[in-house]
Number of protein chains: 2
Amino acid sequence: MKKIDGGVTAAKGFSAAGLEVGIKNGHTGKKDMAMVYSSVPCKAAATFTTNVVKAAPVKWDMKVVDESRYVQAIVVNSGVANACTGSEGMEYCRQMACATAKGLNIDEDAVLVASTGVIGRQLPMDKINKGIELLIPELKDTLEAGTMAAEAIMTTDTVSKQIAYEVQIGGKTVTIGGMCKGSGMIHPNMCTMLGFVTTDINISKELLTEAVKADVKDTYNMISVDGDTSTNDTFVVIANGLAGNEEITEKNEDYELFTKALKEVNTYLAKKMAGDGEGATALFEVKVVNAPSKEEAVTLAKSVVTSSLTKAAIYGHDANWGRILCALGYSGVEFDPEKVDLYFESAYGKLQIVKDGRATDYSEEEATKILSEEEVTAIADMNAGNFEATAWGCDLTYDYVKINADYRS
Amino acid sequence: MKKIDGGVTAAKGFSAAGLEVGIKNGHTGKKDMAMVYSSVPCKAAATFTTNVVKAAPVKWDMKVVDESRYVQAIVVNSGVANACTGSEGMEYCRQMACATAKGLNIDEDAVLVASTGVIGRQLPMDKINKGIELLIPELKDTLEAGTMAAEAIMTTDTVSKQIAYEVQIGGKTVTIGGMCKGSGMIHPNMCTMLGFVTTDINISKELLTEAVKADVKDTYNMISVDGDTSTNDTFVVIANGLAGNEEITEKNEDYELFTKALKEVNTYLAKKMAGDGEGATALFEVKVVNAPSKEEAVTLAKSVVTSSLTKAAIYGHDANWGRILCALGYSGVEFDPEKVDLYFESAYGKLQIVKDGRATDYSEEEATKILSEEEVTAIADMNAGNFEATAWGCDLTYDYVKINADYRS
C-alpha cells in the first residue's frame, strides 16, 4: 500500500472539474461547483445523514444508490444546501441531475447530486445550469482537476482535503482516491460532511456496500466538530473496475487489502475534517483503551471529544483533566472512576496526568507544552477490559462562535 | 400564591450566612462559604448528578438524604469541587460535616455538604474549618443573610439567584424560598448546579420526595448551558414544618398547592441559571408544542436548546431557522419535517418564520429585532399531537470560550 499524489482523479478512468459560478453571494473567487465523472459505469455504495430532515439531494442519492443499475457522475454545489426546500427543491435537484446526464450523455439516474451550504434557500438554477454546461468540457483526469473539484466543495473549510493510495490486488495496481469537506455541523453519524471516493477496483456491489458500512463506523462516524448532525451529509464510494483485477465477490485476501486501503483513505479524510473544524486551532484525538466492550469504548471516546468544556480547555492548552473524567462520567457508560488513568500525548511528548482517578504530580508546564501542539491526544485507560476506540474532534475557539454567529451573511 | 422578597431565610425557622475565607485563590472579595440552618429538624428530599463520577459531597448527601432521621444544616463551599479526590476527599467532606455539626450541636448525619469549583483539588481544610467557625455566629434569619449565602455559592455566575413564594395551605401561610448557582457544565439531569430550597411546610418525607422528583423533570432537568453534566450537581429541599399546617400525607388539594408553588420557585431558579450561563447574553427558551407525546416534546426541545450552531445564531441575532429544523431532525424523534411551523418570540413581538417546513416571507429585520432581546423564545409547532415541553438555555458567545479556555487559573 502506497500513498500517492491526488484525489478523485487518481484512479483509472476518473476525471473531475471545479469552478466558480457565483452561488456564494459576496464571496467572489471561491469555487462553488464540482463534477466527477467516470468513463465507464460504476458500482456505488454510500451512507447518508441520520437526520430526519434530509436535504433533497440526500433523498435523490439514496434512491440512486439503492435502485440505479450504475452510477457514472457526481455533481456538487456549495453555498446552498437545498435542504428544507420542499417539492420545489426536489424538482431543482432532479433538474441538476438531468442537465448533468444530458451533457454527459448518460442516464439521469446515474448521476449523484450533493449540495452544501445555507439551509432553506432554493438553488439558483440559472447559475447551476450554467455551471453544469461549463464543467463538462473542463473534466480532466489530472491532479489539478481533482484539486479544483476538492476546492469547489468547500464551505467554511480553510483547506481542501484529498488523498490517494495505491495497493496491489490480484497482481493489479488498484487506486483509491478521495476528497471531502467539513467543517461545521460535524458530529458522529454523518454531519455536514461530503465525502467522495473513487476507485478502479473490480468488486461486487454487495461487498463494496459492506466495506463502506463497516469503514464509516471507525472513521467518519468517530469525528465531531460541534455535535450538530446536518441535513446533507453524504459519503459515497464509486468503483469502476478499470484496475482489471478479478472481481472481488467474497471476503478473501483481496477484500482485506481493499478494506485496509479504504480505511487509510477515510481515516485521513476524517481526521482532516475534524482538525479543520470551524475555528479550530488543533486536532483533538481521544483514545479510550482497555474498555469492557467496543461499544462502550466508542461511547466514552465520543463523550469526551464532544464536551464543550473539554474542547475549550484544549484551546486554552489547559490540562483540565477533571473535565475529561467528568465527560467520561456522563457518557452513560458505567465504570469505576478510581480505576481510570489519563494521559496527554502529542508530538512534544507523553505525560500521565491521572492515575487511579486522581491527579499524578505532573508538571503543568510540561502538560501545557504537550497541549500546545497542532495535534493533541487524550488517552483514557479504563483498566476494565480489552476494547478500544478513537474519536477525533477539535478545540472550541472564539472563531467557532464568530463563524456561526452570522454564517448566513 | 404570592412572590415575596428573600430566599433561603424566607421560611420560618431558617437562618443563613455567607462569607469569604480565601478558597478562591486570587479572587479576593468573593465569598466562598455558606451555611443554612433550621432551628428544628427538617425532612429532606433531593436529586443528584447522574454522572458516574460523583464528587465526595454528592456521595455524602445521598447517604444523608436516604438514611438520616432528619437534616438540620447545609454547609457549602465554592472554589473547589472536592471531585476526583479519592478517599482523602471523602474524609475531608466528612470533617466538613462533623465540624458543622459540632458547632451547631446537632448530629453529624444531619448536615448536608455541597462543594463547587475546580475538579481534582483537595479542600483547604484549614480555611474550611476556620470558615465554619466564623459562619455559625453569623447565622441570621434576615433577607441580607440569605443574600450573602446566595452570593457565597457562586462560581462563574454573574448574579446571585434567589426567590421566595408564600402560599396559603390549610389556613396557614406556607413559605418556600430558594437559592441556586450555575453556570457552566449545565445540562439536563443535574449539572454543576447547586440548588437549595427551604420551606416551613409540614409534609411527609414520602410526598416531599415525590414532589421534588416530579418537579425537577420540568425545571432543572430542562436547562442546558453546554451539554456537560457535572460531578457535583445537587438539588435539595428541606422542610421543617413550622408553618403549622396539618401534615400533608396524601395527594390532596394542599399537596397540589405546594407543588404549584414549588414549581414557581424552581422554574424561576432554573431559568435564572440558564440565562446566566457562562458568557451568555440571552436566555434562550425553546417551546415544542403539539408533539405526539410528552417524552418526544422533551427530546425535541432539549435537542434545539443544546445545539451549538443554534446557540451561536442566537448570539448573532440571526434567524437561522434551518439550524433549528436541523436540530429537531437529529434529536432521534421521528416526525414529518413538512408539517413543522416555527416562530420566534420575545418582548419585542412574535413572528412566524417557517410554515410547513419552509420559510415564510418574514422580514429578516423584524426577526433580528425579536432576537435582540434578553429573553428569546423559539416555538416549534410539530402539528402532530397534543403534548408540549419547554427547555431553557443560553446563547454561545466568545465569553463562554474565554471563561472555559482557562477556568482553572
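As shown above, the structure is provided for reference.
Residues numbered from 1 in each chain as written. Chains lettered and ligands numbered in written order. Predicted model: local features only at pLDDT ≥ 70, side-chain atom pairs only at ≥ 80, totals over all residues. Heavy atoms only, no water.

Student: What should I look at first to understand the overall build of chain A in this one?
Tutor: In terms of regular secondary structure, chain A is built from eleven helices and 15 strands. With respect to the principal axes defined by its C-alpha atoms, chain A has extents near 70 × 50 × 35 Å. Long-range pairs, those at least 24 residues apart, make up 79% of the contacts in chain A with a sequence separation of at least 6. Accessible surface, chain A: about 14600 Å² in total, of which carbon and sulfur atoms supply 47%. If you average the places of the 40 positive and of the 58 negative side-chain charges in chain A, the two averages end up 3 Å apart. (Helix = DSSP H or I, 4+ residues; strand = E, 2+ residues; numbered from the N terminus. Contact = heavy atoms within 4.5 Å. Areas by Shrake-Rupley, 256 points an atom, 1.4 Å probe, with all protein chains shown as cover. Lys, Arg positive; Asp, Glu negative; His and termini not counted. Charge placed at Lys NZ, Arg CZ, Asp CG, Glu CD.)

Student: Please clarify how the packing of aromatic side chains should be interpreted in this entry.
Tutor: How two aromatic rings sit relative to each other is set out by the distance from centre to centre and by the angle between their planes. All names here are of chain A. Applying the stated criterion across every chain, the model contains two aromatic pairs over all chains. Considering the side-chain rings of Y220 and F235, the 4.6 Å spacing of their centres and the 45° angle between planes classify their relative orientation as tilted. With Y220 in the loop between α5 (205-218) and β9 (234-239) and F235 in strand β9, the pair connects residues that are 15 residues apart, well separated along the chain. Here the two residues Y220 and F235 agree in accessibility, since each one is buried. One cation-aromatic arrangement involves K350 over Y343; the distance from NZ or CZ to the ring centre is 5.0 Å. (Phe/Tyr/Trp six-rings, centres within 6.5 Å; stacked < 30°, edge-to-face > 60°. Buried < 20%, exposed > 50% of the residue type's maximum accessible area, 1.4 Å probe, protein only. Lys NZ or Arg CZ within 6 Å of the ring centre and 35° of its normal.)

Student: I keep staring at the interface of chain B and chain A and nothing clicks. Help me out?
Tutor: Note on interface size: it is often stated as the accessible area lost on association of the parts. With 57 residues of chain B at the contact, the number on the chain A side is 57 residues. Both faces combined, the contact of chain B with chain A buries some 4400 Å², and carbon together with sulfur accounts for 59% of it. Residues B:R358 and A:E88 are paired through a salt bridge, measuring 2.9 Å at the closest nitrogen-oxygen approach. If you look at where chain B meets chain A, you find eight residue pairs in polar contact (both at pLDDT 80 or more). Elements with a contribution of two residues or more to the side of chain B that touches chain A: α2 (86-104), α8 (308-315), α9 (321-329) and α11 (398-405) of chain B. Here the side of chain B that touches chain A is composed, by residue class, of 24 nonpolar, 19 polar and 14 charged. (Buried area = accessible area lost by both parts, 1.4 Å probe. Salt bridge = Lys/Arg side-chain N within 4 Å of Asp/Glu carboxyl O. Polar contact = N/O pair within 3.5 Å; in protein donor to acceptor, adjacent residues only side chain to side chain. Nonpolar A, V, L, I, M, F, W, Y, C, P; charged D, E, K, R; others polar.)

Student: Honestly, the side chain of A:N232 in this entry has me stumped. Any pointers?
Tutor: Residues and elements named next belong to chain A. Tracing the backbone shows N232 in the loop between α5 and β9. Polar side-chain contacts of N232 include one of 2.7 Å to the backbone oxygen of S115. Apart from the residues lying within four places of it in its own chain, the contact partners of N232 are T49, A55, P57, V58, A81, A83, S115, T116, M193 and L194.

Student: What is the right way to look at the environment of A:T209 in this model?
Tutor: Residue and element names in this part refer to chain A. Among the secondary structure elements, T209 is positioned in helix α5. Sequence separation between T209 and V236 is 27 residues, and the spatial gap between their C-alpha atoms is 9.9 Å. Excluding residues that lie within four positions of it along the chain, T209 makes contacts with A44 and A45.

Student: Just checking my understanding: could you explain the sheet that holds strand β14 (residues 375-381) of chain B for this structure?
Tutor: Residues and elements named next belong to chain B. Spatially, β13-β12-β11-β14-β10-β15 is the arrangement adopted by the six strands of the open sheet, whose pairing is mixed. Two strands bound the open sheet, and with one partner strand each, they are β13 (358-359) and β15 (387-394). Sheet topology note: the strand β11 (residues 341-346)/strand β12 (residues 349-355) ladder contains five bridges and is antiparallel. Opposite E345, over in β12, you have K350 as the bridge partner. (Pairing = 2+ DSSP bridges.)

Student: For this particular structure, what's the right way to read unusual backbone geometry?
Tutor: With the exception of glycine, the majority of residues adopt a negative phi angle, and the majority of peptide bonds are in the trans configuration. All names here are of chain A. Residues other than glycine seldom take positive phi values, yet C84 does so here, at roughly 60°. Secondary-structure assignment places C84 in the loop between β4 (71-80) and α2 (86-104). Its relative accessible area of 11% is what places C84 among the buried residues. The phi dihedral of N290 falls on the positive side, at around 55°, and the residue is not glycine. Note that N290 resides in strand β10 (residues 283-291).

Student: Hey, could you run me through the pattern of salt bridges in this one?
Tutor: Between side chains of opposite charge, a pair can form as their charged atoms come close. Residue and element names in this part refer to chain A. For the structure on display, the rule yields 32 salt bridges over all chains. Put simply, K31 and E151 hold a salt bridge, and the shortest N to O gap is 2.6 Å. Here K31, found in the loop between β2 (14-19) and β3 (33-48), pairs with E151, found in helix α4 (residues 143-152); they are 120 residues apart in sequence, far enough to count as distant. Between E247 and K43 there is a salt bridge whose closest N-O contact spans 3.0 Å. Placement of E247 in the loop between β9 and α6 (253-275) and of K43 in strand β3 is noted, with a sequence separation of 204 residues between them. Judged by its relative accessible area of 27%, K43 is partly exposed. Within the structure, one salt-bridge network assembled from shared partners comprises E91, R94 and E108.

Student: Sorry if this is basic, but what is going on with the sheet that holds strand β14 (residues 375-381) of chain A here?
Tutor: Remark on secondary structure: sheet strands pair via backbone hydrogen bonds, oriented parallel or antiparallel. All names here are of chain A. Spatial ordering of the open sheet is given by β13-β12-β11-β14-β10-β15, a layout of six strands whose pairing is mixed. Each edge of the open sheet is held by one strand with a lone partner, namely β13 (358-359) and β15 (387-394). In the packing of helix α9 (residues 321-329) onto the sheet, the strands contacted are β11 (341-346), β12 (349-355), β13 and β14, and the crossing angle to β11 comes to about 120°. (Axes fitted to C-alpha atoms, helices over the stretch in contact; angles between N-to-C directions.)

Student: Can you walk me through the relation of the copies chain B and chain A in this structure?
Tutor: Both copies of the chain are related by a screw-like operation: a rotation about an axis and a shift along it. Mapping chain B onto chain A calls for a rotation angle of 180° and an axial translation of 0.0 Å; the resulting RMSD is 0.0 Å. Both copies are brought into coincidence by an operation consistent with a two-fold rotation axis. Using C-alpha coordinates, one finds that chain B approaches the rotation axis most closely at B:Y398, a distance of 2.5 Å. When you check the interface residues of chain B against chain A, 100% turn up at the interface there too, and the contact is symmetric in its surfaces. (Least-squares fit on C-alpha atoms with pLDDT ≥ 70 in both.)

Student: I'm lost on the packing of helix α1 (residues 56-67) of chain B against α2(B) in this one. Help?
Tutor: Packed helices, taken two at a time, are described by the angle their axes make and the gap between the axes. Residue and element names in this part refer to chain B. Packing of α1 against α2 brings their axes to within 8 Å, and their N-to-C directions diverge by 55°. Taken together, the axes of α1 and α2 are oblique relative to one another. Our pair here, α1 against α2, has a crossing hand that is right-handed. Contacts from A56, P57, K59 and W60 in α1 reach G89, M90, C93, R94 and A97 in α2. Each residue belonging to the contact of α1 with α2 can be placed in one class, and the counts come to six nonpolar, one polar and two charged. (Parallel < 35°, antiparallel > 145°, perpendicular 65-115°, else oblique. Left-handed = near helix turned anticlockwise from the far one by under 90°.)

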